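Residue-level structure breakdown
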Amino acid sequence: MKKALAFALSAVMALALLAGCGGTPASTPASAPASGTTSEGTAAPAASDLRVDVFYYDFSDVYISTVRAAMDEQLKAMGIEPNNWDAAGSQPTQTDQVNTAITAGSNLLIVNIVETATSAPAQDIVNAAQAAGIPVIFFNREVADNEVINSYDKCAFVGTNAPDAGHMQGEMIGNYLLANYDAVDLNGDGQISYVMFKGQEGNAEAEARTQYAVEDADALLTAAGKPALSYYDAAASTKYLVDTEGKWSAKAANDYMVALLGSYNEDNGNMVELIICNNDGMAEGAISALQNVGYNNGEGTTIIPVFGVDATDSAKALIKAGNMAGSIKQDAVGMASTINTLVKNVQDGAELMANTDQFVVDEGVAKIRVPYAMYDATSED
């Protein structure tokens, strides 16, 4: 860890650098609190001289914004004022931000990588961190084992086991349909018509959720003597609609849903009867489109079952109100606290992966897995 004087000099250099270039944090963080007491008279954490830079793929992502809020709260409790950066979905922007932070004297990089279809951007970030001799923690969006994590002994990843969300979603969907089959089968043809909203091509989480949600639901249905799910557009070459901007956005799902409802509806006898989404943002966009034409508005209206992933607060409210069927909880607070266990190791001068016995860690690679959980109307917050 740098001495206080060295940190002060690096901070001056950082201000000069940021004043002369366009790569700035998304928001200017306040100064770290001084040790002593707060205005309420409670003890404040001692200010840390550890500069921590956190790079988010997109502030607009609902789940990521929840992780960011938890990260900020927990880091500040450790006396660390994080520098938060918003790549707004652009990998070149994020790479420039990382290089700017390193030049400005960063002691730790925490990276929610933008590009997941190729390992090259993550490799570039690892190489830059290694050249500067500082640790790097990737999180949430999967990066490669050998090309990234194992290439540097001060590199780790905190995320989930991607297939688990798809398997859980498929199980939840299959069981829901078996319990409510006739009500969901609006046209009475004995088969459930569905649409799948996929967040991003090439993303490990999106690929697993898209595949296993349908496969596992089909397995439960066929085992019970019911036909497999039927994609709403039989002529489609792919059995999903993807957010072409890779933002997993409510707007993308809403736009798709509004368009398809013009042709696929109860009047035509081919209404989409089930909506599966890779995240809750897309689920909310689909629900908004349904509500605009009279569905999913609560008791007394027809409910088209919509399933998502993340169990965000807004999705939980929709589930409790009966407007959304269920979600798979991706623990934002747990994600943040797991990351910050590694931050504390860096702060204390310990090995990056010290104090991780309580977590699920992959064999042979410094990857920690935060577990998913099912969330429906019966779940407790």
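Residues numbered from 1 in each chain as written. Predicted model: local features only at pLDDT ≥ 70, side-chain atom pairs only at ≥ 80, totals over all residues. Heavy atoms only, no water.

Its location among the elements puts Gln169 in helix H5 (residues 162-184). With a relative accessible area of 0%, Gln169 lands in the buried category. Non-local contacts of Gln169, meaning those with residues more than four positions away in its chain, are made with Arg209, Ala213, Ile276, Cys277, Phe307, Gly308, Val309 and Ile328. (Helix = DSSP H or I, 4+ residues; strand = E, 2+ residues; numbered from the N terminus. Buried < 20%, exposed > 50% of the residue type's maximum accessible area, 1.4 Å probe, protein only. Contact = heavy atoms within 4.5 Å.)

A separate point is the pattern of salt bridges. Counted by the stated rule, this structure contains 11 salt bridges. In this structure, Asp58 engages Lys247 in a salt bridge whose closest nitrogen and oxygen atoms are separated by 2.7 Å. Of the two residues, Asp58 is situated in the loop between strand E3 (52-56) and helix H2 (62-77) and Lys247 in the loop between strand E10 (241-242) and helix H7 (250-261); the sequence distance between them amounts to 189 residues. For Lys247, a relative accessible area of 26% translates into the label partly exposed. Residue Lys198 is joined to Glu201 by a salt bridge in which the shortest nitrogen-to-oxygen separation is 2.8 Å. Through salt bridges with shared partners, a single ionic network connects Glu142, Asp145, Asp362, Lys367 and Arg369. (Salt bridge = Lys/Arg side-chain N within 4 Å of Asp/Glu carboxyl O.)

Moving on, we come to the nonpolar core. Membership of the largest hydrophobic core comes to 59 residues, with the highest contact counts inside it found for Ile110, Val136, Phe138 and Val343. Every element with two or more residues in this core is listed here: E3, H2, helix H3 (91-103), strand E5 (108-111), helix H4 (120-132), strand E6 (136-139), strand E7 (155-159) and helix H10 (332-348). Looking at which element gives the most residues to this core, the answer is H10, with seven residues. With residues up to four places along the chain from it excluded, the contact list for Phe138 reads Val111, Ile113, Ala122, Ile125, Val126, Val143, Val148, Ile149, Cys155, Ala156, Phe157 and Val158. Grouped together as the second largest cluster of nonpolar side chains are 51 residues, Ala165, Leu229, Cys277 and Tyr375 included. (Core = buried A, V, L, I, M, F, W, Y, C linked by side-chain atoms within 4.5 Å.)

Okay, the side chain of Asp243 next. Counting through the fold element by element, Asp243 comes out in the loop between E10 and H7. Notably, Asp243 is buried but unbridged: the nearest opposite-charge side chain belongs to Lys247, and the N-O separation is 7.8 Å. Looking at Asp243, its side chain comes within polar contact range of the main-chain nitrogen of Ser249, at 2.9 Å. Those residues within four positions of Asp243 in sequence are excluded, and the remaining contacts are Lys198, Gly199, Trp248, Ser249, Ala252 and Met282. (Lys, Arg positive; Asp, Glu negative; His and termini not counted. Polar contact = N/O pair within 3.5 Å; in protein donor to acceptor, adjacent residues only side chain to side chain.)

A word on the sheet that holds E5. One open sheet accounts for seven strands, arranged E4-E3-E5-E6-E7-E15-E14; its pairing is mixed. Edge positions in the sheet fall to strand E4 (83-86) and strand E14 (360-361), since each has one partner strand and no second. Two strands pair when backbone bridges link them, and E3 and E4 are joined in this way by four bridges, in the parallel orientation. By the bridge assignment for E4, Asp53 is matched with Asn83. Against the sheet, H2 engages E3, E4, E5 and E6, with an angle of about 170° to E3. Contacting E3, E5, E6, E7 and strand E15 (367-369), H10 crosses the sheet at an angle of about 160° to E7. (Pairing = 2+ DSSP bridges. Axes fitted to C-alpha atoms, helices over the stretch in contact; angles between N-to-C directions.)

Here the focus is H4. Look at H4: 18 Å from first C-alpha to last across 13 residues, which is about the 18 Å you get at 1.5 Å a residue. Close packing links the buried residues of H4 with H3, E5, E6 and E7. (Expected span 1.5 Å × (residues − 1).)

Let us look at helix H8 (residues 280-292). When the terminal C-alpha atoms of H8 are compared, their 18 Å separation across 13 residues agrees well with the 18 Å that a helix rising 1.5 Å per residue should span. Among all positions in H8, only Asp280, Gly281, Met282, Ala283, Gly285, Ala286, Ile287, Ala289 and Leu290 are buried. Close packing links the buried residues of H8 with strand E8 (193-198), H7, strand E11 (274-277), strand E12 (306-310), helix H9 (313-320) and strand E13 (326-330). Immediately beyond the C-terminal end of H8, within one or two residues, lies Gly294, with a positive phi of roughly 100°.

The subject of this paragraph is the environment of Ser90. Tracing the chain through its elements places Ser90 in the loop between E4 and H3. Take Ser90: its relative accessible area is 23%, and that puts it in the partly exposed class. Along the primary structure Ser90 and Ile113 are separated by 23 residues, whereas in three dimensions their C-alpha atoms are 9.7 Å apart. Only 3.0 Å separates the side chain of Ser90 from the side chain of Thr93, close enough to count as a polar contact.

Here we take up the packing of H8 against H9. Orientation of H8 relative to H9, taken along the N-to-C sense of each, is 45°, at an axis distance of 9 Å. Comparing their axes, H9 and H8 come out oblique. Crossing hand, H8 versus H9: left-handed. Across from Asp280, Glu284 and Ile287 in H8, the residues of H9 making contact are Ser314, Ala315 and Leu318. Split into classes, the residues belonging to the contact of H8 with H9 amount to three nonpolar, one polar and two charged. (Parallel < 35°, antiparallel > 145°, perpendicular 65-115°, else oblique. Left-handed = near helix turned anticlockwise from the far one by under 90°. Nonpolar A, V, L, I, M, F, W, Y, C, P; charged D, E, K, R; others polar.)

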